Amino acid sequence: MEEHNQKNFAPILSNLKKEMAKQEIDAILISHDDEFLSFELQDDSQYLAYITGFTGSAGFACIYAHDLTQNVKVKNGKTNEEQLLSCPNAVFIDGRYKIQVTEQTDPEIFDTFNFSEVSPADWLCAVLESGQSVGVDLNRISYDYYLKLKEQLNLFGIELKKLKYNLIDAIWEDRPEHFYSKVEIYPDEFNGCPSLQKRQALSEELNRRDIDATVIPDPESVCWLLNIRGRDRKGLPVINSRAVAYANGALEWYVDSKHLDDEILATLEDHFGHVDIFSIDNFNDVLERLCNSQAKVYIDPKNANAHILNSLKEGGATVIEGLGLCQIPKACKNPVEIAGERRAHIKDGIAMCRFLAWLDEQTAPESSNDIEAYQRRVADIDEKIMADKAESYRKIEGDFIEPSFDTISALGPNAAMCHYNHLTAKHPRALGNDAMYLIDSGAHYIEGTTDITRTVLVGPNISEEEKRMYTLVLKCHIALATTIFPKGTTGLQLDAIARRNLWDYGFDYEHGTGHGVGHLLSVHEGPEVISSRQSLIPLDVGMVVSIEPGFYAAGLYGIRLENLVVVEQCSETHLGHMLHFSPLTLVPFDTRLILREMLTNKEREWLNNYHQRVHQVIKNAGTTLSDMEVNFLTKATARI
């Protein structure tokens with residue numbers, strides 16, 4: 001466990017188990033997400049981190065109130081091998097965090113599992129006996145997950161109990177204060193479609209389906225629908241709120257009054273027309289009203305927490321489940337939004353090229369024959385300094401709002417942790433001992449959202465193995481970036497194309513290949529995703545997605561290469577029914593890490609054409625670039 005995380009979790013768990021005894025439950029399931037099912041959390045919602053020390057953006061914990069009986073085993077769903085449990089508590093993560101979770105949790109208190117191999121339900125069924133019970137806060141899990149969990153537990157005679165209150169609320173004494181940001185209007189010149197027009201389309205869709213109302217449970221959809229933004233979550237510019245839209249065109253907005261003041265209230269109606277505004281504390285009232293009127297209500301079971309859907313179903317409403325009606329319109333950016341994304345990526349490209357030029361000047365890895373002299377020169381530059389420097393260049397660009405997520409600034413073995421965060425490390429790693437540096441970063445500008453990862457040379461003695469793996473990851477990236485595919489193609493199908501070059505050598509990566517990106521909203525937007533899991537939404541024109549294959553050698557180094565792209569219709573006449581990816585990101589790949597002979601002619605052509613465009617656009621737009629920065633750009637984008 002990391003030194004900075006040596007908090008004693010035993011007293012916390014002891015207090016939690018006292019609350020569990022009051023509720024007469026034998027175990028509790030704790031989700032990372034909050035009541036909006038968001039993984040971008042305020043500090044006061046970091047329940048999983050408070051209980052376990054794990055700070056990743058996804059996961060669960062299971063706490064058993066009793067001691068384990070002897071020789072309790074759980075089966076790995078992938079290998080079918082049985083594993084002997086050592087602790088009465090467990091943390092479950094996805095493949096991105098398999099290294100991080102072992103460093104942040106105490107192995108004497110928590111076993112850790114990849115939930116694609118051992119799920120929380122698997123663990124609970126192995127540990128609990130028939131007749132025992134598991135408590136869960138229905139506000140913090142999706143209805144879909146609730147049903148699957150309940151079904152699996154029932155097979156073993158284990159009861160899933162709805163908690164009367166969240167037990168962590170009762171024991172978290174030094175809990176941070178909740179933050180309420182003010183509502184901000186997002187002008188139509190940037191959103192491309194007035195709120196009234198969006199709501200009219202939503203009303204028409206409800207009428208077409210003969211549905212009375214739809215519950216919109218997620219803040220991103222609400223903010224998109226109303227063309228507003230906020231600062232309630234770090235890196236996610238939303239206002240925590242919910243809404244109910246009706247077939248007659250009415251909209252009820254449920255929001256805490258702390259987000260509103262007289263000045264903003266005076267301008268909102270001019271911006272988005274008439275909307276009935278209620279306190280979010282009264283949201284249960286509208287659920288009851290919908291039930292009492294036996295309304296036909298449409299809702300997305302993946303975006304709504306289990307409490308909302310349970311209330312509607314048990315209360316007598318007719319519930320129609322399906323993909324949220326705002327999800328696809330939000331994901332398919334309109335021409336104004338796409339134009340904004342391109343402007344945002346030019347700004348971001350200038351900032352990142354400046355950063356990479358500065359980093360290259362500091363490290364000069366190609367001319368560092370004297371290792372000791374090189375180490376002395378870079379000893380004061382660590383992961384935090386590099387992350388801050390990248391952000392400082394972005395802040396220079398006009399209409400920068402905030403980073404779109406915490407920068408992953410990682411040297412050497414830290415880069416092998418997909419979502420490493422130098423901010424949680426006691427001592428960020430310094431330059432001097434590693435040949436490669438990975439930076440995964442992004443920004444929100446008024447015009448749009450960016451997300452880019454580059455792995456670059458920062459030290460001497462780069463190995464042939466590292467170059468080979470870098471080249472393979474680049475080949476994976478190019479393979480998907482150049483794919484032409486028919487309409488109706490899903491992320492599941494595209495994911496395999498990206499992995500092929502690594503598979504040929506027996507390698508793979510445990511995260512998805514790509515995710516959707518919102519327009520000044522979540523940098524990880526659904527419903528589209530390019531992944532081997534849960535990616536059955538077809539990609540369509542206007543969707544902005546990432547392409548980010550990687551390779552991770554635990555304890556040694558990590559490589560990831562990420563661009564954002566927009567899905568477009570092919571322009572060639574004979575391919576007019578097909579789609580392709582058009583790059584948004586404008587930052588060079590590090591050609592010093594490429595084994596040229598491993599690239600095909602087609603791959604070299606793509607890379608040279610991409611670099612030619614980067615050079616042309618960034619040089620023309622970056623009118624304040626210094627001679628040093630222009631020289632770097634010219635060298636970095638030279639043909640190979």
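The rules we used
Residues numbered from 1 in each chain as written. Predicted model: local features only at pLDDT ≥ 70, side-chain atom pairs only at ≥ 80, totals over all residues. Heavy atoms only, no water. Helix = DSSP H or I, 4+ residues; strand = E, 2+ residues; numbered from the N terminus. Rg over C-alpha atoms; globule rule 2.2 N^0.38 Å. Contact = heavy atoms within 4.5 Å. Areas by Shrake-Rupley, 256 points an atom, 1.4 Å probe, with all protein chains shown as cover. Lys, Arg positive; Asp, Glu negative; His and termini not counted. Charge placed at Lys NZ, Arg CZ, Asp CG, Glu CD. Domains from an automatic or database assignment. Buried area = accessible area lost by both parts, 1.4 Å probe. Salt bridge = Lys/Arg side-chain N within 4 Å of Asp/Glu carboxyl O. Polar contact = N/O pair within 3.5 Å; in protein donor to acceptor, adjacent residues only side chain to side chain. UniProt positions renumbered as here; feature names shortened; annotations may be inferred. pLDDT = per-residue confidence, 0-100. Buried < 20%, exposed > 50% of the residue type's maximum accessible area, 1.4 Å probe, protein only. Pairing = 2+ DSSP bridges. Axes fitted to C-alpha atoms, helices over the stretch in contact; angles between N-to-C directions. Disulfide = S-S within 2.5 Å. Arc of directions from axis to C-beta. Core = buried A, V, L, I, M, F, W, Y, C linked by side-chain atoms within 4.5 Å. Parallel < 35°, antiparallel > 145°, perpendicular 65-115°, else oblique. Nonpolar A, V, L, I, M, F, W, Y, C, P; charged D, E, K, R; others polar.

- The name that an unreviewed UniProt entry assigns to the chain is Peptidase, M24 family, with the source organism given as Succinatimonas hippei.

**What to know about the overall build of the chain**
Okay, so step 1: The helix and strand tally for the chain stands at 20 helices and 30 strands.
Okay, so step 2: The C-alpha atoms of the chain give a radius of gyration of 25 Å, which matches the 26 Å a tight globule of 640 residues would have.
Okay, so step 3: By its C-alpha atoms, the chain is 70 × 65 × 50 Å across when sized along the principal axes.
Okay, so step 4: Considering only contacts within the chain whose residues lie at least 6 apart along the sequence, 74% involve residues at least 24 apart.
Okay, so step 5: Carbon and sulfur atoms make up 48% of the accessible area of the chain, which amounts to about 26200 Å² in all.
Okay, so step 6: Counting 62 positive and 95 negative side-chain charges, the chain places the centres of these two groups 4 Å from one another.

**Considerations on the domain arrangement of the chain**
Okay, so step 1: The domain boundaries assigned to the chain delineate domain 1 (4-162), domain 2 (184-323) and domain 3 (335-637).
Okay, so step 2: Each of domain 2 and domain 3 was reduced to a C-alpha centroid, and the two centroids are 35 Å apart.
Okay, so step 3: Contacts between the two partners involve 17 residues from domain 2, matched on the other side by 19 residues from domain 3.
Okay, so step 4: Looking at the side of domain 2 facing domain 3, the largest losses of area belong to Tyr186, Phe190 and Gly235, adding up to 34% of the total buried there.
Okay, so step 5: Between the two partners, domain 2 and domain 3, sit one salt bridge.
Okay, so step 6: Of the charged contacts, one joins Lys234 and Asp406 as a salt bridge, the two residues approaching to 2.9 Å between their closest N and O atoms.
Okay, so step 7: Connecting domain 2 to domain 3 are eight residue pairs in polar contact (both at pLDDT 80 or more).

**Points about the UniProt feature "domain: Creatinase N-terminal" (unreviewed entry) in the chain**
Okay, so step 1: What UniProt calls "domain: Creatinase N-terminal" (unreviewed entry) maps, in this numbering, to residues 13-156.
Okay, so step 2: For residues 13-156, the helix share is 28%, the strand share is 20%, and the end-to-end C-alpha distance is 26 Å.

**Re the confidence of the model for the chain**
Okay, so step 1: On average, residues of the chain score 94 in pLDDT, and 98% of them reach the 70 mark or higher.
Okay, so step 2: The low-confidence segment residues 1-6 (pLDDT under 50) makes 14 contacts with residues lying over four places distant or belonging to another chain.

**Some words on the side chain of Glu402**
Okay, so step 1: In this fold, Glu402 is placed in strand 17 (residues 400-403).
Okay, so step 2: Despite its burial, Glu402 remains without a salt bridge, the nearest opposite charge being carried by Arg231 at 4.9 Å.
Okay, so step 3: Within the local environment of Glu402, its side chain forms a polar contact with the backbone nitrogen of Gly235, the two atoms lying 3.4 Å apart.
Okay, so step 4: Glu402 has contacts with Arg231, Arg233, Lys234, Gly235, Leu236, Pro237, Ala443 and His444, leaving out every residue within four places of it along the chain.

**Description of the UniProt feature "domain: Peptidase M24 C-terminal" (unreviewed entry) in the chain**
Okay, so step 1: UniProt tags residues 578-640 as "domain: Peptidase M24 C-terminal" (unreviewed entry).
Okay, so step 2: Helix makes up 49% of residues 578-640 and strand 10%. Its end C-alpha atoms lie 30 Å apart.

**A closer look at the sheet that holds strand 13 (residues 251-255)**
Okay, so step 1: Read from one edge to the other, the open sheet built from six strands follows the order 14-13-12-10-15-16, with strand pairing classed as mixed. Every other strand in the sheet has two partners, leaving strand 14 (276-278) and strand 16 (318-321) as the edge strands with one partner each. Between one strand and the next, the sheet's axes are offset by a mean angle of 20 degrees, whatever the strand orientation.
Okay, so step 2: Here strand 12 (residues 241-246) pairs with strand 13 via five bridges, running antiparallel.

**Remarks on the sheet that holds strand 21 (residues 448-449)**
Okay, so step 1: Read from one edge to the other, the open sheet built from three strands follows the order 17-20-21, with strand pairing classed as antiparallel. One side of each edge strand has no neighbouring strand; the edge strands of this open sheet are strand 17 and strand 21.
Okay, so step 2: Pairing geometry for strand 20 (residues 443-445) and strand 21, over two bridges, is antiparallel. By the bridge assignment for strand 21, Tyr445 is matched with Gly448.

**Quick notes on the state of the cysteines**
Okay, so step 1: Here the structure, examined in full by the defined rule, presents zero disulfides.
Okay, so step 2: Summary of cysteine pairing: Cys62 is not part of a disulfide, and the nearest cysteine sulfur, belonging to Cys125, is at 10 Å.
Okay, so step 3: Distance from the sulfur of Cys87, which forms no disulfide, to the nearest cysteine sulfur (Cys62) is 13 Å.

**Looking at helix 20 (residues 627-636)**
Okay, so step 1: Inspection of helix 20 places Glu629, Val630, Phe632, Leu633 and Ala636 among the buried residues, and these make up the whole buried set. One side of helix 20 carries all its buried residues, which in axial view fall inside an arc of 160 degrees. Facing away from the buried side of helix 20, by more than 90 degrees, are the exposed residues Asp627, Asn631 and Lys635.
Okay, so step 2: In the core, the buried residues of helix 20 are packed alongside helix 14 (335-363), helix 16 (383-396) and helix 19 (601-621).

**With respect to unusual backbone geometry**
Okay, so step 1: Looking along the chain, the bond that leaves Gly526 and enters Pro527 is cis, with omega of 10 degrees.
Okay, so step 2: Within the element layout of this structure, Pro527 appears in strand 25 (residues 525-530).
Okay, so step 3: In this structure, Glu24 takes a positive phi of about 55 degrees despite not being glycine.
Okay, so step 4: The backbone of Asp210 shows a phi angle near 60 degrees, a positive value even though the residue is not glycine.
Okay, so step 5: Among the secondary structure elements, Asp210 is positioned in the loop between helix 8 (195-208) and strand 10 (213-216).

**Topic: the nonpolar core**
Okay, so step 1: Residues Leu539, Phe581, Phe589 and Ile618 are the most contacted members of the largest nonpolar core, which totals 61 residues.
Okay, so step 2: By residue number, the principal contributor to this core is helix 17 (residues 464-481), which donates nine residues.
Okay, so step 3: Here Phe581 is in contact with Leu480, Ala481, Thr483, Phe485, Leu494, Ile530, Leu539, Val545, Ile547, Val565, Val566 and Val567, once residues within four sequence places are set aside.
Okay, so step 4: Grouped together as the second largest cluster of nonpolar side chains are 50 residues, Leu128, Val134, Val215 and Phe283 included.

**Here's the deal with the pattern of salt bridges**
If the charged atoms of two oppositely charged side chains come close together, the side chains can form a pair.
Okay, so step 1: Scanning the model with the defined rule gives 33 salt bridges in all.
Okay, so step 2: With its nearest N and O atoms 3.4 Å apart, the salt bridge here joins Glu184 to Arg231. Here Glu184 is found in strand 9 (residues 184-185), whereas its partner Arg231 is found in the loop between strand 11 (228-229) and strand 12, with 47 residues between them in sequence.
Okay, so step 3: Classification of Glu184 by relative accessible area gives partly exposed; the value is 31%.
Okay, so step 4: Taking the relative accessible area as the measure of exposure, Arg231 reaches 35% and is therefore partly exposed.
Okay, so step 5: A salt bridge links Arg560 to Asp440, with the shortest nitrogen-to-oxygen separation between them at 3.0 Å.

**Digging into the environment of Gln83**
Okay, so step 1: Within the secondary structure layout, Gln83 lies in strand 4 (residues 82-84).
Okay, so step 2: Among the residues examined, Gln83 registers a relative accessible area of 38% and is labelled partly exposed.
Okay, so step 3: In the structure, Gln83 is positioned 11 residues away from Val72 in sequence and 8.4 Å away in space, judged by C-alpha atoms.
Okay, so step 4: With residues near it in sequence (within four places) discarded, Gln83 still touches Val72, Lys73, Val74 and Phe113.

**Quick word on the packing of helix 17 against helix 19**
Okay, so step 1: Between helix 17 and helix 19, whose axes approach to 10 Å, the crossing angle comes to 80 degrees. Relative to helix 19, the element helix 17 lies roughly perpendicular. The segment helix 17 lies against helix 19, with Leu474, Lys475, His477, Ile478 and Ala481 engaging Glu603, Trp606 and Leu607.
Okay, so step 2: Looking at the contact of helix 17 with helix 19 residue by residue, the class counts come to five nonpolar, one polar and two charged.

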